[in-house]
Amino acid sequence: MSVALSVVAIPPTMRAWVLNDPGDLELVEKPMPEPGSAEVLIRIDAVAVCATDLEVIKDGPPARINGGLPFNQGFTPGHEYMGTIVGLGPDVDEYRLGERVSVEIHAGCGRCKRCREGMYTACLNYGANYEGNDKGHRANGFTTDGGFAQYAVNHINTLVRVPESMTDAEAALVVTAGTTMYGLTELGGLVAGESVVVLGPGPIGLLGVAIAKSLGAACVILSGTRADRLKIGSELGADHTIDATRTDPVEAVLSLTGGLGADYVLDCAGTEQSVNQAIKMTNRGGKICLAAFPHEMVSIDLAHAVRNNIYLYGIRGEGRSATHRAMALMSAGRFDATLIHTHTFGLSDLPEALRHARERIDGAIKVIVRPQDN
Ligand SMILES: [Zn+2]
Ligand SMILES: [Zn+2]
């Protein structure tokens, strides 16, 4: 039995959304989760909606519960959240009650080869946390209960301290920033002075611009089709923006880089077109980070990539403590992540929040839900 210590009274139940059939979420009362060894109980103060939440709710994967699809198992999605520690598992002294924390998604299993290398987002025991196959894997909102609820239990390895001066909404964006940070560091580390192209001004792409610029990139180029998002990209540090509805992004990048192409290309669009554009606009020996996943098989100009010694890196999530590095830049005020926060809803309005994110209503980019508000 785990023991939760607390200075504030923890109610025996909480409000949480659970996923029934595909696309069917229900707000229910769930028993209050209890933190076990190396875990804390978090009162969730803000949770951001991510495109991957929309996929999980509609199709299931990459969520995996009890070895199968996440439907009708009382599973609570939501993975980009922050809150206040209100309960400590036995022997937890790394954190104190009342501390504000953001969370990384993946704790991993901690016992496989990849986890031991710090690549816990690529854990070899993904989803193995149920009776008969319990390796202790944790990825809240994917393989364990997540943040569309008033409270959640998190492993201490997933916590990132939030400075007092940072708002809840900004702190909830740290995972998004951490994902691009992981991408850039997995490419071997962004060397100051190099050129970076970001394809696709979604939340990850926009914060990719900000992170690349903060790490000293000489020239950051953002390509996309929505003028309002390109404008935010400029505010986050893009030196050049390309309106892909009017200009061919490959030609534009070649002309901005003296015909050579960019050192790094971050593909945050994940389409056949964007992957091929990335290959054609990367210079010889350059590197491409594939940060978005295509939904269909894609055909790429592999010969061009091979002939030009172009490296392709598949990136999953926010490994190797990238979230801590992203938080360091955000704490230092190196960029304003809240520029991508467009809408806020209370817990009972989650379906409306999801609709805004899915249909990009009213220019929605990052939609935030505050679970302590009705
Ligand atoms: Zn996400
Ligand atoms: Zn593992």
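Conventions and cut-offs
- Residues numbered from 1 in each chain as written.
- Chains lettered and ligands numbered in written order.
- Predicted model: local features only at pLDDT ≥ 70, side-chain atom pairs only at ≥ 80, totals over all residues.
- Helix = DSSP H or I, 4+ residues; strand = E, 2+ residues; numbered from the N terminus.
- Rg over C-alpha atoms; globule rule 2.2 N^0.38 Å.
- Buried ≥ 20, exposed ≤ 12 C-beta atoms within 10 Å, placed from the backbone.
- Contact = placed C-beta atoms within 7 Å.
- Domains from an automatic or database assignment.
- Nonpolar A, V, L, I, M, F, W, Y, C, P; charged D, E, K, R; others polar.
- Axes fitted to C-alpha atoms, helices over the stretch in contact; angles between N-to-C directions.
- Parallel < 35°, antiparallel > 145°, perpendicular 65-115°, else oblique.
- Left-handed = near helix turned anticlockwise from the far one by under 90°.
- Pairing = 2+ DSSP bridges.

K.L.:
Tell me what's going on with the overall build of the chain, and back it up with residues and numbers.
P.N.:
Within the chain, the secondary structure is distributed over 11 helices and 19 strands. Over its C-alpha atoms the chain spans a radius of gyration of 20 Å, differing by no more than 12% from the 21 Å that the globule rule assigns to 374 residues. Classification of the 374 residues of the chain by burial places 51% in the buried group. Considering only intrachain contacts with a sequence separation of at least 6, the fraction spanning at least 24 residues in the chain is 69%.

K.L.:
Break down the domain arrangement of the chain for me, citing the residues and quoting the values.
P.N.:
Splitting the chain by domain gives domain 1 (13–105 + 140–172 + 336–370) and domain 2 (177–314). Computed over C-alpha atoms, the centres of domain 1 and domain 2 are 29 Å apart. Counting residues at the interface gives seven residues for domain 1, matched by 11 residues for domain 2. Of the residues in the side of domain 1 that touches domain 2, the class split is four nonpolar, one polar and two charged.

K.L.:
Describe unusual backbone geometry, and please don't skip the residues or the numbers.
P.N.:
One can expect most non-glycine residues to show negative phi and most peptide bonds to be in trans. The omega angle of the peptide bond from Pro 61 to Pro 62 is 5°, so this bond is cis rather than trans. Within the fold, Pro 62 resides in the loop between α1 (51–59) and β4 (80–88). The phi dihedral of Arg 360 is positive, around 50°, even though this residue is not glycine. Despite not being glycine, Asp 362 shows a phi value in the positive range, around 55°. With respect to the helices, strands and loops of the structure, Asp 362 is situated in the loop between α11 (350–359) and β19 (366–370). By C-beta crowding, Asp 362 is classed as exposed, having 8 other C-beta atoms within 10 Å.

K.L.:
Kindly report on the packing of helix α4 (residues 174–186) against helix α5 (residues 203–214), identifying the contributing residues and their values.
P.N.:
Running from N to C, α4 and α5 point in directions that differ by 60°, and their axes come no closer than 8 Å. In terms of orientation, α4 lies oblique with respect to α5. Here α4 runs over α5; the crossing is right-handed. Facing α4, whose interface residues are Thr 176, Ala 177, Thr 179, Thr 180, Met 181 and Leu 184, α5 presents Pro 203, Ile 204, Leu 207, Gly 208, Ile 211 and Ala 212.

K.L.:
I'd like a rundown of the sheet that holds strand β17 (residues 311–314), residues and numbers included.
P.N.:
Backbone hydrogen bonds are what pair the strands of a sheet, in a parallel or an antiparallel way. An order of β14-β13-β12-β15-β16-β17 is seen for the six strands of this open sheet, with the pairing classed as parallel. Two strands bound the open sheet, and with one partner strand each, they are β14 (240–243) and β17. Averaged over all adjacent pairs, the angle separating strand axes in this sheet is 15°, with direction ignored. Judged from the five bridges that link them, strand β12 (residues 195–199) and strand β13 (residues 219–224) form a sheet pairing that is parallel. Considered in β13, the bridge of Leu 199 is made with Ser 223.

K.L.:
I'd love a proper account of helix α8 (residues 272–281), names of residues and values included.
P.N.:
Along α8, seven of the 10 residues are buried, which leaves the element largely enclosed by surrounding structure. Within the sequence span of α8, burial applies to Ser 274, Val 275, Gln 277, Ala 278, Ile 279, Lys 280 and Met 281. For α8, the secondary structure elements touched by its buried residues are β12, α7 (249–256), β15 (262–267), β16 (282–290) and α9 (302–307).

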